[in-house]
Amino acid sequence: MRIGAEAEDDMMSLFAADAVYDEPFSGREPAEGREAIRTRLRSGWEVPLPDMELEVLSITVSGPHAECRWECRSPAFEAPRRGTDRYRFVDDLIVELTVSLDPPGP
C-alpha cells in the first residue's frame, strides 16, 4: 500500500477473486471482487495525500485473521491519523479487508 500504483499487480495478486474491501475513505459501499477493489485503489492513487508517511504500529495474526494498526501523517491532516486494517484469509489470499479510522485525537 505504501508503494501505491507501482505495486498494483503484486497487491492485486494477494486478493481472492471474490474478495471484499470495505474502507471509510471513499464514502461508498464495499468493493466486491478483485476488479472492483482494483478500481477503488486506483481512485485513491489518482489523488494521493501530499507527503504521506505511513507507519505500521503493530501486526497481530490469529489463524486466518490479521490486524494491522497504523499511523498516517500528511500536511493534509491537522494531526496524524490512526487506523486499523482487519484481514481474513482463505487459502493464503485476502477474502476480506476492512479498514477503520480511529476517532481524531483531542
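Structure's up top.
On a predicted model such as this, the values are computed, not experimentally measured, just so you know.

Draft legend 1. Highlighting the overall build of the protein chain. For the protein chain, the count of helices and strands is two helices and six strands. Sequence-ordered secondary structure for the protein chain, helices as α and strands as β, is α-β-β-α-β-β-β-β. For the protein chain, the C-alpha atoms occupy an extent of roughly 40 × 30 × 25 Å along the three principal directions. Classification of the 106 residues of the protein chain by burial places 28% in the buried group. Sequence-distant contacts in the protein chain: of pairs separated by 6 or more residues, those separated by 24 or more amount to 31%. Total accessible area computed for the protein chain in this model is approximately 7100 Å², and 52% of it derives from carbon and sulfur atoms. Averaged over its 12 positive side-chain charges, the protein chain has a centre that lies 2 Å from the centre of its 22 negative ones.

Draft legend 2. The arrangement of the packing of aromatic side chains in detail. This structure, assessed with the given rule, holds one aromatic pair. Seen in terms of ring centroids, Tyr87 and Phe89 are 6.0 Å apart; in terms of plane orientation they differ by 15 degrees. Their pairing is stacked. Residue classification places Phe89 among the partly exposed positions, given a relative accessible area of 30%.

Draft legend 3. Main features of unusual backbone geometry. Even without glycine at this site, Asp91 takes up a positive phi of about 50 degrees. Note on placement: Asp91 falls in the loop between strand S5 (81-90) and strand S6 (93-101). In the Ramachandran plot, Asp92 falls in the positive-phi region, its phi being about 65 degrees despite a non-glycine side chain. With respect to the helices, strands and loops of the structure, Asp92 is situated in the loop between S5 and S6.

Draft legend 4. Structural detail: the environment of Ser100. By secondary structure assignment, the location of Ser100 is in strand S6. Exposure remark for Ser100: the relative accessible area of 24% places this residue in the partly exposed category. On a C-alpha basis, the gap between Ser100 and Gly83 in space is 5.5 Å, while along the polypeptide they are 17 residues apart. With residues up to four places along the chain from it excluded, the contact list for Ser100 reads Trp70, Gly83, Thr84 and Arg86. Polar side-chain contacts of Ser100 include one of 3.1 Å to the side chain of Arg86.

Definitions and limits used
Residues numbered from 1 in each chain as written. Predicted model: local features only at pLDDT ≥ 70, side-chain atom pairs only at ≥ 80, totals over all residues. Heavy atoms only, no water. Helix = DSSP H or I, 4+ residues; strand = E, 2+ residues; numbered from the N terminus. Buried < 20%, exposed > 50% of the residue type's maximum accessible area, 1.4 Å probe, protein only. Contact = heavy atoms within 4.5 Å. Areas by Shrake-Rupley, 256 points an atom, 1.4 Å probe, with all protein chains shown as cover. Lys, Arg positive; Asp, Glu negative; His and termini not counted. Charge placed at Lys NZ, Arg CZ, Asp CG, Glu CD. Phe/Tyr/Trp six-rings, centres within 6.5 Å; stacked < 30°, edge-to-face > 60°. Polar contact = N/O pair within 3.5 Å; in protein donor to acceptor, adjacent residues only side chain to side chain.

Purely geometric numbers; function is a separate question.
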